[in-house]
Amino acid sequence: MKRSQFLTLTAAAAALPLLASCSDGTSGKPMSTSSTVDGDIEARPISWLLSRPANGAVIEVMTQIADEYAQKHPGFSLSLITTPDRPSYLQKYVTLAAAGKLPELFDTDATPFAQKLADQGHMIDVEDLLTSLDVLDDFRPAALDYQRFSDGALHMIPLEFGLEVFWYNMELFDAAGATVPETLEDMPQLCETLAASGVTPIALDGQDAWPLERYLAFYPFRVAGEDYIAGLKEGRASFSNEPGRLSAQWMHDLGQAGAFQAGFSSVGYADAQGLFTSGRAAMYNIGTWELPALATTELPEPMRDNIDYFTLPVTKDSVTGPDEYVASSGIGVAVNAATYDPLVRDFLKYALERYPELYARSGILGPTTVKPVIPDTALPIYERAIAQAEELGDATLMPWDTQLDPTTNTRLQQELVLLVQGDKSVEEFLSTMDATLTSNTQQA
């Protein structure tokens, strides 16, 4: 569940007019977004457009479920339409949506593009579906909330769940005379202290862009909750407003403190994680989906007694609490209203009954309240991280890459690198982003 950016959706706005008709694209038959559908179950192949790790728990479990269902319904099969990388996936997603050829199931975040698809009637109401199948209460509220659009509507089924925390190396902290930060304001000085001891303060996957953008979202979430990002998205706030200004200054200060490794913008996911697990970096912000790598005997032996974590620090004037931070249920699964029929509904019913138990065997947190099976190789910290999910507050930090329009988001990621590297001042960053936001709001 490595969340990436919607960098290739710049054609989305132009494609949307092609989606205005709520029909199946062939027969002119009106589509229904309701979960209610009448008729006999007639087995046929169905497809799922996705971009997930082939050896990940989601695909393994859903493939097993589809095979079981096919044994009871000869003629049924679930075809996985996969792509090698997320940008290619998003290109295909937009192209198929514009042509009215999305398959029965397709992955999407709660982006502005997906919101327009839903508003035009191209996705069924998932809250209605889960309620009618009597499984809505089985899901973690935070997992469902992560999939909701800003108006509260739910059109995606969560298949994952994870808490994003700061993992840290206790030995490196002790050697530098450093302590866990109580507030975000403490972090630049902490990074200076760690850098002075000769280690990289924070390992960062800069190549994928979203991890650095996540840092930019921390400060506004603490001082303004979710209202600030909603304001940016709706054109009633600007980057130069106080939450954005405070965040830009904080990011600038982290850069000046040498928080991230040299050349961070070209370092990928695996290399960033390796920098931390090898003991060369003191901190690493990532989700509990990496527990098998960070909290089992797969972890290099020198790290096993030295790894710990802390949750997102608050700020001095925080409006969100220490139990409120990123709790992600990853990319969700939407159900195409044009191809929704008794077979699709029945398969989803079977899948949602089987999925929680089978997914729990992967050992990682899932979207439902079924507890994961802790592996025999788990370190003590593993179970503690799992239990952390029961202590979540009500507010959730929504990643900005799923909130801002793609053009603004792409520019933001580019400018943020320059800000952290010291190639742009805080004022230059803010003015550039405000101009970008204003231009894209006027074009919307």
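Since the model is a prediction, treat every value here as computed from it, not as a measurement.

The secondary structure content of the protein amounts to 18 helices and 9 strands. Relative to the globule expectation of 22 Å for 444 residues, the C-alpha radius of gyration of the protein, 22 Å, shows essentially globular dimensions. Along the first, second and third principal axes, the C-alpha set of the protein runs to 70 × 55 × 35 Å. Scored against the burial criterion, the 444 residues of the protein give a buried share of 58%.

This brings us to the pairing of strand 9 (residues 332–335). Every second residue of strand 9 is oriented toward a common face, with G332 and A334 on one face and V333 and V335 on the other, all of them buried. Summarising the sheet, strand 3 (residues 105–108) and strand 9 pair through 4 bridges and their orientation is antiparallel. Pairing of L105 across the sheet is with V335, part of strand 9.

With that settled, consider the packing of helix 3 (residues 86–98) against helix 4 (residues 112–119). Where helix 3 meets helix 4, the axes come as close as 12 Å, and the angle between the chain directions of the two elements is 25°. Here helix 3 is positioned roughly parallel relative to helix 4, judged by the angle of their axes. The hand of the helix 3/helix 4 crossing is left-handed. Each of Y93, V94 and A97 in helix 3 lies in contact with helix 4, whose residues at this interface are F113, A114 and L117.

Moving on: the pattern of salt bridges. One pass over the full model with this rule turns up 19 salt bridges. Of the charged contacts, one joins E357 and R354 as a salt bridge, the two residues approaching to 3.9 Å between their closest N and O atoms. Separated by 3 residues within a single helix, E357 and R354 lie in helix 15 (residues 342–360), roughly one turn from each other. Overall, the relative accessible area of 45% leaves E357 in the partly exposed class. When its relative accessible area of 22% is taken as the criterion, R354 is described as partly exposed. Between R411 and E415 there is a salt bridge whose closest N-O contact spans 3.1 Å. Of this pair, R411 and E415 both sit in helix 17 (residues 406–421), 4 residues apart, roughly one helical turn. By relative accessible area, R411 is classed as partly exposed at 33%.

Another aspect to go through is the packing of aromatic side chains. The description of two aromatic rings rests on the distance between their centres and on the angle between their planes. For the structure shown, the criterion picks out 20 aromatic pairs. Each ring, one from Y93 and one from F113, has its centre 5.3 Å from the other, and the planes form 85°; the classification is edge-to-face. In this pair, Y93 sits in helix 3 while F113 sits in helix 4, placing the two residues 20 residues apart along the sequence. Assigned by exposure class, Y93 and F113 land together as buried. Taken together, a centroid distance of 5.1 Å and an interplanar angle of 5° make the contact between F166 and F310 stacked. With a gap of 144 residues between them, F166 in strand 4 (residues 162–169) and F310 in strand 7 (residues 307–310) connect regions that are remote in the sequence. In this structure, F166 and F310 share a single accessibility class: buried.

Despite not being glycine, D134 has its phi angle at roughly 60°, a positive value. Examined against the element boundaries, D134 turns out to sit in the loop between helix 5 (126–132) and helix 6 (141–147). Even without glycine at this site, A209 takes up a positive phi of about 75°. Its location among the elements puts A209 in the loop between strand 5 (200–203) and helix 9 (210–224).

A separate point is the sheet that holds strand 1 (residues 45–50). Taking strand neighbours across the sheet as the criterion, the 4 strands line up as 2-1-3-9 in an open arrangement whose pairing is mixed. Each edge of the open sheet carries a strand with a single partner, namely strand 2 (77–82) and strand 9. Adjacent strand axes in the sheet meet at a mean angle of 25° when their direction is disregarded. Examined bridge by bridge, strand 1 and strand 3 share 2 bridges and lie parallel to one another. Along strand 3, the bridge assignment pairs W48 with L105.

Within the fold, V373 resides in the loop between helix 15 and helix 16 (380–387). Sequence-distant contacts of V373, defined by excluding residues within four places in its chain, comprise A360, R361 and G363.

It is worth spelling out the side chain of T83 at this point. Take T83: it is sitting in the loop between strand 2 and helix 3. With a relative accessible area of 14%, T83 lands in the buried category.

Attention shifts here to helix 16. By the burial criterion, the buried members of helix 16 are I381, Y382, A385 and I386. Each buried residue of helix 16 sits inside an arc of 140° when the element is viewed along its axis, so together they form one side. Those residues of helix 16 that are exposed and angled more than 90 degrees off the buried face are P380 and E383. Buried-residue contacts for helix 16 involve strand 4, helix 13 (291–294) and strand 7.

Turning our eyes to something else, we now look at the packing of helix 11 (residues 242–256) against helix 17. One can describe the packing of helix 11 onto helix 17 by two numbers: an axis separation of 7 Å at closest approach and a directional angle of 50°. Here helix 11 lies oblique to helix 17, going by the angle between them. Residues A248, M251, H252 and G255 of helix 11 lie in contact with helix 17, whose contacting residues are L416, L419 and V420. Of the residues that constitute the contact of helix 11 with helix 17, the class distribution is 5 nonpolar, 2 polar and no charged.

On to helix 3, then. In an α-helix, one turn spans 3.6 residues, which is why side chains three or four residues apart end up on the same side. Under the 1.5 Å per step criterion, the end-to-end length of helix 3 is 18 Å for 13 residues, consistent within 8% with the ideal 18 Å. Those residues of helix 3 not exposed but buried are R86, Y89, L90, Y93, V94, A97 and A98. When helix 3 is viewed along its axis, its buried side chains cluster within an angular range of 160° and face the same direction. At the exit of helix 3 stands G100, carrying a positive phi of roughly 70°.

Analysis parameters
- Residues numbered from 1 in each chain as written.
- Predicted model: local features only at pLDDT ≥ 70, side-chain atom pairs only at ≥ 80, totals over all residues.
- Heavy atoms only, no water.
- Helix = DSSP H or I, 4+ residues; strand = E, 2+ residues; numbered from the N terminus.
- Rg over C-alpha atoms; globule rule 2.2 N^0.38 Å.
- Buried < 20%, exposed > 50% of the residue type's maximum accessible area, 1.4 Å probe, protein only.
- Pairing = 2+ DSSP bridges.
- Axes fitted to C-alpha atoms, helices over the stretch in contact; angles between N-to-C directions.
- Parallel < 35°, antiparallel > 145°, perpendicular 65-115°, else oblique.
- Left-handed = near helix turned anticlockwise from the far one by under 90°.
- Contact = heavy atoms within 4.5 Å.
- Salt bridge = Lys/Arg side-chain N within 4 Å of Asp/Glu carboxyl O.
- Phe/Tyr/Trp six-rings, centres within 6.5 Å; stacked < 30°, edge-to-face > 60°.
- Arc of directions from axis to C-beta.
- Nonpolar A, V, L, I, M, F, W, Y, C, P; charged D, E, K, R; others polar.
- Expected span 1.5 Å × (residues − 1).

Geometric descriptors of this kind do not, in isolation, establish any biological role.
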